[in-house]
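Geometric and topological summary
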Amino acid sequence: MARPAWTCSPSAMTEWESPDYEPALPVSEKSNPLTRDMDRASAKCIVRMLQACDAQMFQGGTGTTYQRLLSEPVLEALTEVAKKVEHILKRPRDSLVVLSGCGTSGRLAFLVASTFNRALKELDHSLVYSYIIAGGDRALLSSQEAPEDDAQLGALSLQKVCEGQKSVLFIGISCGLSAPFVAGQLDFCLQHPEVFTPVLVGFNPTHQARDERIRGCSFTFRSVVRRMEELAKRRGAFLLNPAVGPEAVSGSSRMKGGSSTKILLEVVLSAAHAAAFADTPITPTGVRQHIRAHEEALEITYAQAEGIGALLEAAGQSLRRGGRLCYLGWGPLGTLGLMDASECVPTFGAGCEDVRGFISGGYTALNNNEGPLGPDFGIGHEDFLRQVLPSLSDRDIVLLLYTHADRVGQVAELARAVREKTSNVHAVYHQVNGHAAAAVQQDDINRLCLSSLKFTWPSPTAQWELSTKLLLNAVSTGAHVLKGKIFQNHMVDVQVTNSKLYRRATRLLQLSGCPESRCEEALLKAVYRVDELTADITSSDISEHTQAARSATKAVPLALICLLSDCSLLEAATRLQREPVVREAVEVCLS
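Residues numbered from 1 in each chain as written. Predicted model: local features only at pLDDT ≥ 70, side-chain atom pairs only at ≥ 80, totals over all residues. Heavy atoms only, no water.

Right, let's get into the packing of helix H9 (residues 284–302) against helix H16 (residues 463–483). Between H9 and H16, the least distance of the axes is 9 Å, while the angle of their chain directions is 45°. Comparing their axes, H16 and H9 come out oblique. The element H9 and its partner H16 pack so that their crossing is right-handed. Contacts between H9 and H16 involve Ala293, His294, Ala297, Leu298 and Thr301 from the first element and Gln463, Leu466, Ser467 and Leu470 from the second. Residue composition of the contact of H9 with H16, by class: five nonpolar, four polar and no charged. (Axes fitted to C-alpha atoms, helices over the stretch in contact; angles between N-to-C directions. Helix = DSSP H or I, 4+ residues; strand = E, 2+ residues; numbered from the N terminus. Parallel < 35°, antiparallel > 145°, perpendicular 65-115°, else oblique. Left-handed = near helix turned anticlockwise from the far one by under 90°. Contact = heavy atoms within 4.5 Å. Nonpolar A, V, L, I, M, F, W, Y, C, P; charged D, E, K, R; others polar.)

Below, the structure is given as structure tokens:
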């Protein structure tokens, strides 16, 4: 059946800003009007939808409802935070800038801290950046979502990293202003103002911060935010929380939330470095220019929408046929491939082998705090050659991710090895305009690859990292949409492994038209695989439910089918066996 065409209407770009649009939900959890029919869209239309959603990051507000990325208060706060970083760069002794988050936010904290420490090392300067990710370094490569609910663990991890420091700028990232792990760290900072200056990065207004009491604590995320707001009046704390619009896939903060996080962090640190090492004053105007450079990166990326759509279509075909999507990357682009792959399991209920990333140099190149993470976490190209290449076939798809500053001859060599097993190999690369040093090797790669997608930039720039992130998010998201892992623009095969995802799943089940209480009941039945809930189950708290959900596959699709069809779990499981594509199984119930 032909998929319907799609056009971007101006009203759909701003509809989410209306106070009447899904008023019970924070911005980060709302559905995006632009992508209502994403599950029925063609690859080409999916890319256009994602382009429109990403463009919302840089839009001005249509009223006074929300602060936006380029709003004056946001620019002023970014300027002040950059000055704090500059101060630490000029007086690094006993000082630290700590970036922390959960899931995608923690991975971006790692990536940005690593990038700017590398810049300091090249200047023979003391390294001042450190990162924390909930769940430790394993969470860089796989879903470790239970620690996100542990505020005390967050505080302890921060205390450990900052031991002996006299001045710490702490940047806690929580896209929805909801992660207990980060709330615990911010609370710790507020208790020790003589050492810590806390900064909160997120994408909801403060009144939408989560107000559910955190287990083992006397505070909520919202109460922490309120205390920060008071301290911010004296510039003892800062809130960087512009609204950037709902995610293309409802609640999937790995996408626009992750991209906006990267933009904010890079704007702050780039401005600080320019001030500390090139005497460039930090001003709101300069900060605005930094942001506009990221907007230009978005435009350069989506100028290749046709090529991105072709990659998305090819990746979708591979996943539908039971094949794999493999990223073989170099440098930071390799890290971005690892990150994107890690996010597909919790977001789409993907198998751990469905999407995998590999980086040239393995853990040496990654340079994470904990080093090699064991045989279950093979990330080097050697691991790919040993574990994946022997079984590679035309069902699989391989993407090469690199820049012309990387070892392009090595890229060509690996492309040759892959080409012997499958023709379904593609190149995505960045080069500086007029740079021809690697032209011969690139010609070889072009001949070996089914397609080559080239991004040309006026000068060497960190923007090709954002460009690659946007592209990989589009390819992996679109491929799973084509595989049927999305219903409308909602994740219906999400893993319910922490309190945030538990609440999201309960809301998602209300698509059935049933009240919240019945939806939660259906979810619990699917998690525990029972047709009647016992007193023990109903008296347990959410943490016990999410613990049980870790071993429960397809809990949300099962619950949704039970609600739509008023059938037993066994009948729902039979329907899913008969039609494993979740969207189509749901549509059978609706017909």
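Back to the text.
In this section: the sheet that holds strand E7 (residues 355–359). The parallel open sheet is built from five strands, whose spatial order is E7-E6-E8-E9-E10. Two strands bound the open sheet, and with one partner strand each, they are E7 and strand E10 (451–457). Ignoring which end each strand starts from, the neighbouring axes of this sheet average 15° apart. Relative to strand E8 (residues 397–403), strand E6 (residues 325–329) is paired through five bridges, and the arrangement is parallel. Bridging across to E8, Leu328 finds its partner in Leu400. (Pairing = 2+ DSSP bridges.)

A few words now on the packing of aromatic side chains. Throughout the structure, instances matching the rule amount to seven aromatic pairs. Ring geometry for Phe116 versus Tyr129: centroids 6.2 Å apart, planes at 65°, classification edge-to-face. Taken as a pair, Phe116 in helix H4 (residues 104–122) and Tyr129 in strand E2 (residues 129–133) lie far apart in primary sequence, 13 residues in all. Tyr129 carries the same exposure label as Phe116, and that label is buried. Aromatic side chains Trp330 and Tyr402 sit 6.2 Å apart centroid to centroid with 80° between the ring planes, which places their arrangement in the edge-to-face category. A residue pair is termed long-range when its members are at least 10 positions apart, and Trp330 in the loop between E6 and helix H11 (331–348) and Tyr402 in strand E8 qualify at 72 residues. (Phe/Tyr/Trp six-rings, centres within 6.5 Å; stacked < 30°, edge-to-face > 60°. Buried < 20%, exposed > 50% of the residue type's maximum accessible area, 1.4 Å probe, protein only.)

Core analysis: the largest hydrophobic core is formed by 153 residues, its most contacted members being Val85, Tyr129, Ile291 and Leu471. The residues touching Tyr129, leaving out its near neighbours within four places in the chain, are Val85, Leu89, Val97, Ala113, Phe116, Asn117, Leu120, Leu269 and His273. (Core = buried A, V, L, I, M, F, W, Y, C linked by side-chain atoms within 4.5 Å.)

It is worth spelling out the sheet that holds strand E1 (residues 95–101) at this point. The strand order across the open sheet built from five strands is E2-E1-E3-E4-E5, with neighbouring strands paired in parallel fashion. The open sheet has two edge strands, E2 and strand E5 (238–240), and neither has a second partner. Strand-to-strand twist of the sheet, defined as the mean angle between neighbouring strand axes without regard to direction, takes the value 20°. Bridge analysis of E1 against E2 gives five bridges, and the strand direction is parallel. By the bridge assignment for E2, Val98 is matched with Ser130. Lying over the sheet, H4 contacts E1, E2 and strand E3 (167–173), oriented at roughly 165° with respect to E2.

Right, let's get into empty space enclosed by the protein. Counting across every chain of the model gives five cavities of 30 Å³ or more. The computed volume of the largest cavity comes to approximately 70 Å³. In terms of lining, the largest cavity is formed by Val27, Ser28, Cys175, Phe203, Val244, Gly245, Glu247, Ser253 and Gly257. Here the second largest cavity defines a volume of roughly 50 Å³. Mapped onto the lining of the second largest cavity, the elements with two or more residues apiece are H11 and H16. Of all the elements, H11 adds the most residues to the lining of the second largest cavity, at four residues. Partitioned by chemical class, the residues of the lining of the second largest cavity number three nonpolar, two polar and three charged. (1 Å grid on protein atoms, 1.4 Å probe; cavity = no way out; pocket = protein on both sides within 12 Å on 5 of 7 lines; lining within 4 Å. Points joined across faces, edges and corners; volume = space filled by probe spheres on them.)

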